[in-house]
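# Coordinate analysis (summary)
So you can see what is in the structure, the chains are spelled out below.
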Amino acid sequence: MAGQRKSYDIKGTSQYSRMQDYSSYQPSELGTFSISEDGDFINCNTAKIPTLLDYKLPLNLDEGYNGTEGKDKARETTFPQWEKGLKWIHGSKEGYGSVSSVDIIASRGILKDIGYTNHNQYNNPWKFEACKFKGKVYLRKVDEEEDENEWCIQNSYWGRKFEEYVIQQETGTKATYRMLKGTIGKKTVLLSAEVDAISSDGKYMEIKTCFANKIGVKVPQAWWQSYLGKVDTLYYGLKTKQGMVYDKPTEISMTNALTKYVKKDTANEMIGFTGDVLDWLYGALPDKDETWILEYTGGRQIFLRSTGEKFLPNWYLQFIEGKKEEELVKQVEALTLSHPVN
């Protein structure tokens, strides 16, 4: 029923650090997929991981940036991955059976934001949509235009520009993703995680830009994001305020990042907090095809509220239930809930 509300009370960070040791999260790779330059799902389990390019310094990250055009450029490179992960499930060798033991299906970015909640010094809000259906919780980002200032938009552009300079994508491909399965809290999670590049010696790289004097602030969140995605090395282009990179990129292994920039208690707290929230969410959601908003607005609570709207696309319901399209349409009409036929 639309309008129902529930809440999760955030505990002290020390409680979360005792819930799960970060090292117990050891995800396995189930497969890969790629996204075309037009945002289409183009490959399943044979995707080619981008490689690092040889390039000459300096790099001008501001090249091609032009105010609102740069804003559009930055957003063009952000693909909605929600249904792409479902398409991987659909096309995998075992089909729906590939997620038989999975409790949570989400993108890495969602769990990154949830897990970093207690360490975000700006208390940045986040909001996702959630649904539990046939014993599995699905999480996706809310499709809203972010209210970003010019400086944030420009820095986003610089990050993508740096990737263009340093990695080689397969022709026609915009991004490549790994599907990873692991345990967080008491739940088995299936994550879609973009992989930026692979080095000549087979190490997975997370490509980032950062101001030299801010690297100590940026690495902890990047470590958490990369740890979720089973990345080996953080690869930083150190930029000036004018968007120039003059020096060879700084490479930080995940082990060195943990030793120098991230305390073990902090690592344990991030995974413990994520697991506790997922456990609560799993129990709080009713098992039905209905959209709920999971939202953090600052403070010491996370809120969950129903919208009364359908969540899963019809093609996916047809896939897992074996129902015909017309049966699904009649079911939607009977429930008087909006759910466009895809």
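Because the structure is a prediction, the values reported are computed rather than measured.

Here is what the cut-offs are and how they apply
- Residues numbered from 1 in each chain as written.
- Predicted model: local features only at pLDDT ≥ 70, side-chain atom pairs only at ≥ 80, totals over all residues.
- Heavy atoms only, no water.
- Pairing = 2+ DSSP bridges.
- Helix = DSSP H or I, 4+ residues; strand = E, 2+ residues; numbered from the N terminus.
- Axes fitted to C-alpha atoms, helices over the stretch in contact; angles between N-to-C directions.
- Buried < 20%, exposed > 50% of the residue type's maximum accessible area, 1.4 Å probe, protein only.

## Remarks on the sheet that holds strand 17 (residues 288–296)
- Pairing is mixed across the open sheet formed by ten strands, whose spatial order is 1-18-17-7-8-6-11-10-2-3. Strands at the two margins of the open sheet, each flanked by one partner only, are strand 1 (5–9) and strand 3 (41–44). The average undirected angle you get between the axes of adjacent strands in this sheet is 25 degrees.
- Note that strand 6 (residues 104–107) and strand 11 (residues 187–194) share four bridges and pair parallel. Looking at the pairing, Ala106 lines up with Leu191 of strand 11.

## Some words on helix 4 (residues 108–115)
- Along helix 4, seven of the eight residues are buried, which leaves the element largely enclosed by surrounding structure.
- Burial in helix 4 covers these residues: Arg108, Gly109, Ile110, Leu111, Lys112, Ile114 and Gly115.

## Comments concerning the pairing of strand 8 (residues 136–141)
- Most of strand 8 is tucked away: five of the six residues are buried.
- As defined by bridge partners, strand 6 adjoins strand 8 across two bridges and the pair is classed as parallel. Bridge assignment links Ile104 to a residue of strand 8, and that residue is Val137.
- The pairing of strand 7 (residues 126–133) with strand 8 spans five bridges and is antiparallel. The partner of Ala130 across the bridge, within strand 8, is Leu139.

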